Amino acid sequence: MPWTQSQALYAGWKLTKEAEVNDFATRCATSTSGEEDPQIISLGPFGGLFGDLNKNNEILVRDWYTSLFQRTQAYARLKPRSGLAISGQPGTGKTFYLFYLLFKLLQLHEIVIFYFGGAHSTYLFIPYNETYRVYTPSRSIDDILLPPCEDGKRLIWSLVEASPGKPLPSFFVVRTGSFLVQAPSPSLDPAMYRNWLKQRNGLVWGMTLWSSEELLKGLRLCAGYPSFEARLKRILENSLSCRGSKSLALKAARDILRRHIEDTEDITSQATS
């Protein structure tokens, strides 16, 4: 049974009036989870968290995300009150994995708490019929309670991205009734996540580096790519008109550009299908 308004307020949550967040949850919940993952997914209302970094608020679904999600699911079922810290070099996609995880969990109609650096970016997604009711904190995040589960056994997920210099809210350390996944920045003090890892007997898993194929696919999603592509074309055209300008660097650049142009139509068609 879904929460009543009085129960939600007692636990410290209120229904959000953010239409874009509600629409995002509905789109995820009504998408098909049995098919292969799309190559590109939209960040929806959360794209603004990254400024102008991503064109069209889209992210590339790395091949590693699929296998990592399967491992994450398996570990969560085995240790539902434990958690994972996803580590890795800057730019490997740790934070975007949290958004991919949110997308997949909403597809599966799971209960999810999503925290991105502050109370203003904290959401609770509760399945309701075939879609979701989305809540935000009505008081300090350290004073809110976990949602009740019908049978007391349903898994609750907490997806956390803590900002450097800001401690993880004690809610995620004290309320151990959820499975916690954090993607700490390499600049984040390890003490910010080692405490809850020790308390929950959690694990640290590493994110792999991008393959050359993933780099080529992800490049076109960068907001600055169109201007980069135009400049690169001009440079290559000028180099071809200059005698003896066939350096290895230009050969590599021409190869990258040619492969990108060949792949763009195929990737775009999959993203819009």
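Residues numbered from 1 in each chain as written. Predicted model: local features only at pLDDT ≥ 70, side-chain atom pairs only at ≥ 80, totals over all residues. Heavy atoms only, no water.

K.L.:
What am I meant to see in the overall build of the chain here?
P.N.:
Of the regular secondary structure elements, the chain holds 9 helices and 10 strands. Taking all 273 residues of the chain together, 45% fall into the buried category. A separation of at least 24 residues holds for 69% of the contacts in the chain among residues at least 6 apart in sequence. In the structure as shown, the chain presents an accessible area of about 14400 Å², 53% of it carried by carbon and sulfur atoms. (Helix = DSSP H or I, 4+ residues; strand = E, 2+ residues; numbered from the N terminus. Buried < 20%, exposed > 50% of the residue type's maximum accessible area, 1.4 Å probe, protein only. Contact = heavy atoms within 4.5 Å. Areas by Shrake-Rupley, 256 points an atom, 1.4 Å probe, with all protein chains shown as cover.)

K.L.:
What am I meant to see in helix α4 (residues 94–107) here?
P.N.:
Since the α-helix turns once every 3.6 residues, residues separated by three or four places project in the same direction. When the terminal C-alpha atoms of α4 are compared, their 20 Å separation across 14 residues agrees well with the 20 Å that a helix rising 1.5 Å per residue should span. Taking burial as the measure, the 14 residues of α4 include 14 buried ones, the bulk of the element. Directly after α4, the chain includes His109, whose backbone phi takes a positive value near 60 degrees. (Expected span 1.5 Å × (residues − 1).)

K.L.:
Hey, could you run me through the packing of aromatic side chains in this one?
P.N.:
For any pair of aromatic rings, the description rests on two quantities: the centre-to-centre distance and the angle between the ring planes. What the rule picks out here adds up to 18 aromatic pairs. For the ring pair Tyr65 and Tyr97, a centre distance of 5.5 Å and an interplane angle of 55 degrees mean the geometry is tilted. Placement of the pair is Tyr65 in helix α3 (residues 63–78) and Tyr97 in helix α4, with a sequence separation of 32 residues. For Tyr65, a relative accessible area of 1% translates into the label buried. Judged by centre distance (5.0 Å) and plane angle (80 degrees), the rings of Phe171 and Phe172 are edge-to-face. Following the ring pairs from residue to residue traces out a cluster consisting of Phe24, Phe46, Phe99, Phe114, Phe116, Tyr123, Phe125 and Tyr132. Its guanidinium or amino end placed over the ring of Trp205, Arg71 lies 4.3 Å from that ring's centre, counting from NZ or CZ. (Phe/Tyr/Trp six-rings, centres within 6.5 Å; stacked < 30°, edge-to-face > 60°. Lys NZ or Arg CZ within 6 Å of the ring centre and 35° of its normal.)

K.L.:
Could you clarify how one ought to interpret the packing of α3 against α4 in this entry?
P.N.:
Helix packing for two helices is described by the angle between their axes and how far apart those axes are. Remark: α3 packs on α4, axes separated minimally by 11 Å, with the N-to-C direction vectors making an angle of 65 degrees. Like other packed secondary-structure pairs, α3 and α4 cross with a definite hand, here right-handed. Contacts from Tyr65, Thr66, Leu68, Phe69 and Thr72 of α3 reach α4 at Phe96, Tyr97, Tyr100, Leu101, Lys104 and Leu105. Of the residues that constitute the contact of α3 with α4, the class distribution is 8 nonpolar, 2 polar and 1 charged. (Axes fitted to C-alpha atoms, helices over the stretch in contact; angles between N-to-C directions. Left-handed = near helix turned anticlockwise from the far one by under 90°. Nonpolar A, V, L, I, M, F, W, Y, C, P; charged D, E, K, R; others polar.)

K.L.:
Would you mind going over the nonpolar core with me for this structure?
P.N.:
Soluble globular proteins tend to pack their nonpolar side chains together in the buried interior. One finds Tyr97, Leu102, Leu106, Phe114, Phe125, Trp157 and Leu159 to be the most contacted residues of the largest nonpolar core, which totals 42 residues. By residue number, the principal contributor to this core is α4, which donates 10 residues. Setting aside chain neighbours within four positions, we find Leu159 in contact with Leu98, Leu101, Leu102, Leu105, Val112, Ile113, Phe114, Tyr115 and Val181. Core analysis: the next-biggest nonpolar cluster, separate from the first, contains 23 residues, Leu124, Ile144, Ile156 and Val160 among them. (Core = buried A, V, L, I, M, F, W, Y, C linked by side-chain atoms within 4.5 Å.)

K.L.:
Just to check I follow, could you spell out the pattern of salt bridges for this structure?
P.N.:
Between side chains of opposite charge, a pair can form as their charged atoms come close. Per the counting criterion, the structure on display carries 1 salt bridge. Across the pair Arg62 and Glu214 runs a salt bridge whose closest N-O atoms are separated by 3.1 Å. On the criterion of sequence distance, the pair formed by Arg62 in the loop between β3 (58–60) and α3 and Glu214 in helix α7 (residues 212–219) is long-range, its members being 152 residues apart. (Salt bridge = Lys/Arg side-chain N within 4 Å of Asp/Glu carboxyl O.)

K.L.:
Would you mind going over the pairing of strand β5 (residues 111–116) with me for this structure?
P.N.:
Within a regular strand, side chains alternate between the sheet's two faces. For β5, the buried fraction is high: 6 of the 6 residues fall into the buried class. Covered by surrounding structure in β5 are Ile111, Ile113 and Tyr115 together with Val112, Phe114 and Phe116, the residues of both alternating faces. In this sheet, strand β8 (residues 156–161) lies alongside β5 in parallel orientation, the contact comprising 6 bridges. Residue Ile111 lies in a different strand from β8, and its bridge partner there is Ile156. Relative to strand β6 (residues 122–128), β5 runs antiparallel, the two being bridged by 4 bridges. Among the inter-strand pairings, Phe114 is bridged to a residue of β6, identified as Tyr123. (Pairing = 2+ DSSP bridges.)

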